Amino acid sequence: MARKKKMSTGKKVGITALAAVIVIGGVAGYATLGKKSTTSNVLNEYLPVDMTTQDLSQMTDSYAFEVAANVQQGLLSRTSSGAPKAGLAKSWSHSKDGLTWTFHLRKGLKWSNGDPLTASDFVYAWQRTVNPKTASQYAYIYSGIKNADAINSGKDKDLSSLGIKAKNKTTLVVTLEHPMPQFQNLMAFPVFFAQDKKFESSLGSKVGTSSSKQVYDGPYKFVGWNGSNKKFKLVPNKNYWNAKAVKNKGVDFQVITDPTAALALYNKGELDQVTLSTPQQIKKYKNSKNFKIYNQSQTDYLEYNQTGKVKGLTNTKIRQALNLATDRKSISQSVSEGLDSAATGITPAGLALTSTGGDFAKAAAKATAYAYNIKKAKKLFAEGMKEAGLKKLTLTIEGSSDSTVTKSTLDTLQQSWSELPGLTVKEKLVPFKQRLLDQENHNFDVVLAAWGADYAEPLTFLNMFVTDGANNDGKWSNKQYDTLINNASDKDALSDTKRTADEIKAEKTLYDDSAVNPVFWVNAATLSNSKVKGVQYFSSGAPYYFWNAYRSKK
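All values reported here derive from a predicted model rather than from experimental measurement.

A.B. asks: Help me get a handle on the pairing of strand β2 (residues 43-47), residues and values and all.
C.D. replies: Most of β2 sits inside the fold, with five of its five residues counted as buried. The alternating pattern of β2 places Leu43, Glu45 and Leu47 on one face and Asn44 and Tyr46 on the opposite face, and all of these are buried.

Following this line, the structure appears as structure tokens:
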């Protein structure tokens, strides 16, 4: 995408903080480049779902972050390899114990409307996000910054106690409660970007609801979005501190939910890259020179409503049976011509390394045993139904209607789950925005959700399922799990060995209790215009940086 990149289960190359990075400059292959792409240094991109918001405190999905990362900038930015580098802050340092960080802003920073940008804009933004009145879905990611949890929970009413202070107009001091290995990466993540209090104060809840109801401090300005239309633009921001470094004239976006239409526009030269969203497309183009595969650091998973509103789903054996009746291999094969992988845990492969240098997901798989076993599933389901006092159970699985993979995934689930005695399975397809809203309001039985990494560490996934976590939509709760995540985030944070051990135990706890149901890990296949050079792709955090890209004549 994590709602940390609550992602669409549709396929548009990826979202999320700082694992693999690829500079895209594909080969034309099957594309026939048209006049639009060859005569202008404007890039042509698309989104597979509607834009939601440009309120930095309210955005939760990968596509909002994609735009935000190009029209705004954080204290830090990212190198082409994904490492932190100077952004709006020209320099920074930290104390020996890792608890106090000092950032020195560049002088003369401005917002796109001409307002001066100072250290107090970061203080305002951070306080606004953690303020419980804002109801930010991403406030949880501030955990570890002094008093952030206490403020967000309502225990501390004093916003000024948050561990961020403006020493003067260009100096910020951040205080942590414990060392945070991911802290520098987070400073390049949009949820931590500055906000213009002067501009936003009169807008209230309308902040970011259209492109004109936001101001920008990054390489581009966002223009032409009224809150619901399908075409909008990024145009160079003359007030950006490094405006001369922007190598193109902007980016034209359009919303295209139909993957066939998107591919057709690419082949006409009206898009510079396209994600292949169906098995048929992948099969047709997989031998093309411009066919590329990217790790998205995304997991598509099923979440169970365990609030007590749905009979049966609070029973562990019933959830275990549903997990065992999930044919992950068949689903991953059917949705992507084998491009995606059957999940063995909630943390995807290729995201993070263990303390010994191995892939975390592979190490965690030794502690979990997600498998398809319909015989065992039937036995456990019958036992669970008896424990719950049920003879029949009807479950509705909800998914995004504007996704190309949802219907086939739900069909496979419906077929296998319906083999469980006494279970009736129904499907419900709704637009991506509605699916997010239903998740947030716990208005579902079972939901097919997706999450992309915000940073290259397992906690970016595991943090979701702590008790009362903002993204714990199923409301699962387990004290042992909470302790493990707390230890990994706090006392074991600087010990790679201990932190890895905590995180593997956390994966096992999710598995043992069938808290959620990881289905498949997402990769993405794209075709890209060979004449567009320098687009940077990140598999975690915001996915694309466009300002170094340009259209070559060759």
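Structure shown, so let's carry the discussion forward.
A.B. asks: Please set out the nonpolar core residue by residue, giving values where relevant.
C.D. replies: In terms of nonpolar packing, the biggest core is built from 100 residues, with Phe103, Phe122, Trp126, Ile141 and Phe192 touching the most fellow members. When residues of this core are assigned to their parent elements, the largest contribution, seven residues, is made by helix α2 (residues 62-71). Other than its neighbours up to four places away in sequence, Phe122 contacts Gly74, Leu75, Leu88, Leu105, Leu117, Ile164, Leu172, Phe192, Phe193 and Ala194. Ile318, Val335, Ile397 and Val446 belong to the second-largest nonpolar core, a separate cluster that totals 32 residues.

A.B. asks: How would you explain the sheet that holds strand β5 (residues 89-94) if you had to name every residue and give the values?
C.D. replies: With antiparallel pairing, four strands are arranged side by side in an open sheet as β5-β6-β8-β7. Only two strands of the sheet have a single partner each, and these edge strands are β5 and β7 (164-168). Going from strand to strand, the sheet's axes swing by 20° on average, the running direction of each strand aside. Sheet topology note: the β7/strand β8 (residues 171-175) ladder contains four bridges and is antiparallel. Across the sheet, the residue bridging to Lys165 is Val173, located in β8. Sitting on the sheet, helix α3 (residues 119-130) touches β6 (100-105), β7 and β8, and the angle it makes with β7 is about 165°.

A.B. asks: Any details on the packing of aromatic side chains? Residues and values, ideally.
C.D. replies: Inspection of the entire model under this criterion finds 24 aromatic pairs. Aromatic pair Tyr63 and Phe432: ring centres 6.4 Å apart, planes at 80°, arrangement edge-to-face. Of this pair, Tyr63 sits in helix α2 while Phe432 is found in helix α14 (residues 432-440), placing the two residues 369 residues apart along the sequence. On the basis of relative accessibility, which here comes to 1%, the residue Tyr63 falls in the buried class. Over the face of the ring belonging to Phe538 we find Arg78, whose NZ or CZ atom lies 3.7 Å from the ring centre. A cation over an aromatic ring shows up here: Arg106 above the ring of Trp241, its NZ or CZ 3.5 Å from the ring centre.

How each quantity is defined
Residues numbered from 1 in each chain as written. Predicted model: local features only at pLDDT ≥ 70, side-chain atom pairs only at ≥ 80, totals over all residues. Heavy atoms only, no water. Buried < 20%, exposed > 50% of the residue type's maximum accessible area, 1.4 Å probe, protein only. Helix = DSSP H or I, 4+ residues; strand = E, 2+ residues; numbered from the N terminus. Core = buried A, V, L, I, M, F, W, Y, C linked by side-chain atoms within 4.5 Å. Contact = heavy atoms within 4.5 Å. Pairing = 2+ DSSP bridges. Axes fitted to C-alpha atoms, helices over the stretch in contact; angles between N-to-C directions. Phe/Tyr/Trp six-rings, centres within 6.5 Å; stacked < 30°, edge-to-face > 60°. Lys NZ or Arg CZ within 6 Å of the ring centre and 35° of its normal.

Coordinates in, geometry out; function isn't part of it.
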